[in-house]
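Chain by chain, the residues:
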Amino acid sequence: SVPIRKTGNHTWLCEPCAGPLEINYVIYAWDLSVRSAHVDESHAFFNGTSVFLGVKGQENKPCNVLLCPPPHTNNWKVYTSMPEAKEHPQAAQRHGFGAYEAPNYDALIDHPVEMGTPQVIEFEAHGFTHEMVFTGLIPNLDLERIATDVKKICEAQIELFDPENRQAPFIDSSDRYVFMTMVTGDGYGGLEHRSSTALMAARDCLPAIKTNPDPDKYQQFLGLVSHEYFHTWNVKRIKPQAFAPYRLTTENHTNLLWVFEGFTSYYDDLMLYRSGVVCKNNYLKRLGKVISLVQKAPGRLKQSVAESSFDTWTRFYKQDENSPNALVSYYSKGSLVALGLDLLIRQESSSKYSLDDVMRHMWQLYGKNFYTDGNGTGEGKGVKEDEMISIIKDATGVDASEFINAYAYGRKDVPLTSMLKPHNLELTQTSPSDNPSLGVRLKTENNSVSIATAYEHGAAHKGGLSAHDILVAIDNIKVSSSATLNSLLQRYRPNDIVNIHVFRRDELRQFRVTLNEAEKSEYSIHQKGHNQDNATYWPDEITLKKA
């Protein structure tokens with residue numbers, strides 16, 4: 001026995017011993033998310049960060065993992081991008097239990113593991129193996145359709161970064177890429193890894209055999225797949241210098257998540273269009289929704305995407321009812337900054353260059369050899385905080401300093417209306433309803449309607465209403481649902497004054513509210529003219545020319 005003393009939130013000190021030290025510990029695994037670990041009788045999933053202890057000073061030494069089958073699970077298999085430990089006496093076979101290996105601790109925690117009896121399909125994208133693993137009850141899952149569509153997305157992304165050789169990025173750490181999807185009734189999310197990704201998807205977002213899926217929901221799933229796969233280049237290998245290497249014991253602050261998450265959010269839907277899995281109109285529809293989402297939140301005028309990036313640990317992932325009034329998303333507005341940069345580069349270079357050239361330049365400069373140079377961790381090799389302007393200039397010859405200072409480090413709205421016009425695209429703004437506006441985001445639960453957010457300077461906010469107020473009645477008529485509320489508002493006009501009763505905590509309150517005009521909160525993009533192929537923006541033309 002060796003005494004162990006806890007020295008911090010996640011550090012322990014073991015007394016010295018004469019030989020190898022063996023530590024036994026138990027993990028509570030009941031977090032059904034992409035972040036942690038979840039085990040029940042049907043499957044086991046874990047991220048290495050939730051399971052594997054790291055030895056201080058030995059982070060760069062090779063690691064072996066012996067996966068043992070749980071009792072009474074003779075038909076379970078293992079799905080992971082972690083390589084099998086071929087020299088180990090208990091070496092695992094493909095999809096089998098046994099020994100796996102990683103070159104260092106950073107790699108060890110970057111290959112999540114799924115075990116069980118999922119539905120699986122495999123495909124080749126430019127000669128490289130990809131596995132799609134679906135865990136959960138999914139009747140008549142159309143694996144063939146999903147694989148066909150995802151193959152197109154993967155090949156389009158490989159071609160973007162390496163149009164000449166079409167080399168997959170993950171061969172430095174694995175001989176395959178694994179999509180692990182946990183399917184639930186309403187799940188959504190993803191977490192990227194160097195040769196795999198963990199996803200959560202809602203059951204009705206996935207196609208069934210001989211049935212056409214809801215196109216918007218299926219596009220949402222494909223967009224998630226595209227987003228996390230794009231991270232194989234942009235985040236897992238092209239990184240902010242602040243993440244090279246990543247310090248696991250503290251928050252890692254950077255101003256650049258608008259590049260790494262924002263650019264990825266721009267390309268995720270764009271790659272659906274380029275690969276041909278969605279049409280131009282559906283892509284524009286999706287882009288319009290993103291613009292609407294950004295414009296609706298007053299917080300975009302209070303916080304820049306660079307500030308949002310820096311505050312991700314303390315504010316973005318700790319949001320409250322007022323966050324839409326105070327914060328901006330470096331995902332969604334970051335994607336609009338990327339769109340603006342793409343349009344700017346095309347305009348200034350007469351379509352000779354695009355944002356694609358910037359991504360390829362960063363790949364060659366930072367990403368391609370990230371894990372193969374030096375000690376395999378890419379230490380110190382990443383994009384510096386103030387480097388994006390010079391990177392864009394070097395890749396395209398375009399000076400984007402004014403744009404980046406105004407829209408990434410400043411809080412101005414990206415002027416997409418004027419930027420889209422030269423490309424034969426028109427951005428319009430409409431109101432989803434003719435009803436006068438309360439300026440709120442609603443939440444319905446337990447047969448009541450409450451205010452989730454009172455948007456700053458909206459009618460409710462000016463009238464004294466606040467988040468968590470439960471709507472009881474408007475002018476003494478009961479509000480029983482959001483549909484009832486909309487029906488009641490139809491009877492009024494802008495600037496009418498209404499009496500609104502609410503429960504605040506357990507107290508009945510009354511407020512006099514002056515209604516605003518209907519919100520013009522929905523944006524859409526349309527091709528101008530009859531010939532839809534005249535637009536110079538469409539990236540498929542640029543890609544073909546480069547290839």
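Report on the accompanying structure. (Residues numbered from 1 in each chain as written. Predicted model: local features only at pLDDT ≥ 70, side-chain atom pairs only at ≥ 80, totals over all residues. Heavy atoms only, no water.)

Any covalent bond linking the sulfur atoms of two cysteines counts as a disulfide. Scanning all chains against the criterion turns up 0 disulfides. Cys63 takes part in no disulfide bond, and the closest cysteine sulfur, belonging to Cys14, lies 16 Å away. Residue class for Cys63 comes out buried when judged on its relative accessible area of 17%. Between Cys279, a cysteine without a disulfide, and Cys205, which holds the nearest cysteine sulfur, the sulfur-to-sulfur distance is 18 Å. (Disulfide = S-S within 2.5 Å. Buried < 20%, exposed > 50% of the residue type's maximum accessible area, 1.4 Å probe, protein only.)

Here the focus is the sheet that holds strand β8 (residues 113-116). Across the sheet, 4 strands lie side by side as β3-β4-β8-β6; this open sheet has antiparallel pairing. The open sheet is flanked by β3 (37-39) and β6 (77-80), the only strands paired with a single partner. Neighbour to neighbour, the strand axes of the sheet diverge by 10 degrees on average, direction disregarded. In terms of strand pairing, strand β4 (residues 43-46) meets β8 through 4 bridges, oriented antiparallel. For His43, the partnering residue across the bridge sits in β8 and is Gly116. (Pairing = 2+ DSSP bridges. Helix = DSSP H or I, 4+ residues; strand = E, 2+ residues; numbered from the N terminus. Axes fitted to C-alpha atoms, helices over the stretch in contact; angles between N-to-C directions.)

Bringing the pairing of strand β13 (residues 196-202) into the picture now. Along β13, 7 of the 7 residues are buried, which leaves the element largely enclosed by surrounding structure. Neither face of β13 is open: one carries Ser196, Ala198, Met200 and Ala202, the other Thr197, Leu199 and Ala201, and all of them are buried. Here strand β11 (residues 176-184) runs beside β13; their pairing, made up of 7 bridges, is parallel. Residue pairing across strands places Thr184 opposite Ala202, the latter belonging to β13. Two strands pair when backbone bridges link them, and strand β12 (residues 188-192) and β13 are joined in this way by 5 bridges, in the antiparallel orientation. Bridge pairing in β13 links Leu191 to Ala198.

Going through the model one piece at a time under the given rule, you end up with 28 salt bridges. Arg176 is the partner of Glu84 in a salt bridge, and the nearest nitrogen-oxygen pair spans 3.4 Å. With a gap of 92 residues between them, Glu84 in the loop between β6 and β7 (98-102) and Arg176 in strand β11 connect regions that are remote in the sequence. Asp311 is paired through a salt bridge with Arg315; the nearest N and O atoms lie 3.9 Å apart. We classify Arg315 as partly exposed; its relative accessible area is 34%. One network of salt bridges, with partners in common, ties together Glu84, Lys86, Arg94, Asp175 and Arg176. (Salt bridge = Lys/Arg side-chain N within 4 Å of Asp/Glu carboxyl O.)

Note that the residue after Ala244, namely Pro245, is joined by a cis bond; omega there is 0 degrees. Assignment of secondary structure puts Pro245 in the loop between α3 (215-230) and α4 (257-260). Even without being glycine, Arg166 reaches a positive phi, approximately 55 degrees. Along the polypeptide, Arg166 turns up in the loop between α2 (143-161) and β11.

For the rest of this paragraph, the subject is the pairing of strand β20 (residues 507-514). Sheet topology note: the strand β19 (residues 497-504)/β20 ladder contains 8 bridges and is antiparallel. Following the sheet pairing, His501 is matched in β20 by Gln510. Hairpin geometry of β19 and β20 is characterised by an intervening segment of 2 residues between the two adjacent antiparallel strands and by a positive phi of about 60 degrees at Arg505.

Another aspect to go through is the sheet that holds strand β10 (residues 128-135). Spatial ordering of the open sheet is given by β9-β10-β11-β13-β12, a layout of 5 strands whose pairing is mixed. If you trace the sheet from one side to the other, it starts and ends with β9 (119-125) and β12, each paired once. Put simply, the sheet's adjacent strands are angled 15 degrees from each other on average, direction ignored. Where β9 meets β10, 7 bridges bridge the pair, whose relative direction is antiparallel. In the strand pairing of β10, Glu124 is matched with Thr129. With respect to the sheet, α2 is in contact with β9, β10 and β11, its orientation differing from that of β9 by roughly 35 degrees. Its contacts with the sheet put α3 on β10, β11, β12 and β13, and the angle it makes with β12 is roughly 15 degrees. (Contact = heavy atoms within 4.5 Å.)

So, about helix α10 (residues 332-348). Compared with the 24 Å implied by 1.5 Å per residue over 17 residues, the 24 Å span of α10 between its first and last C-alpha is a close match. Of all 17 residues making up α10, 15 are buried, and the element is well covered by its neighbours. (Expected span 1.5 Å × (residues − 1).)

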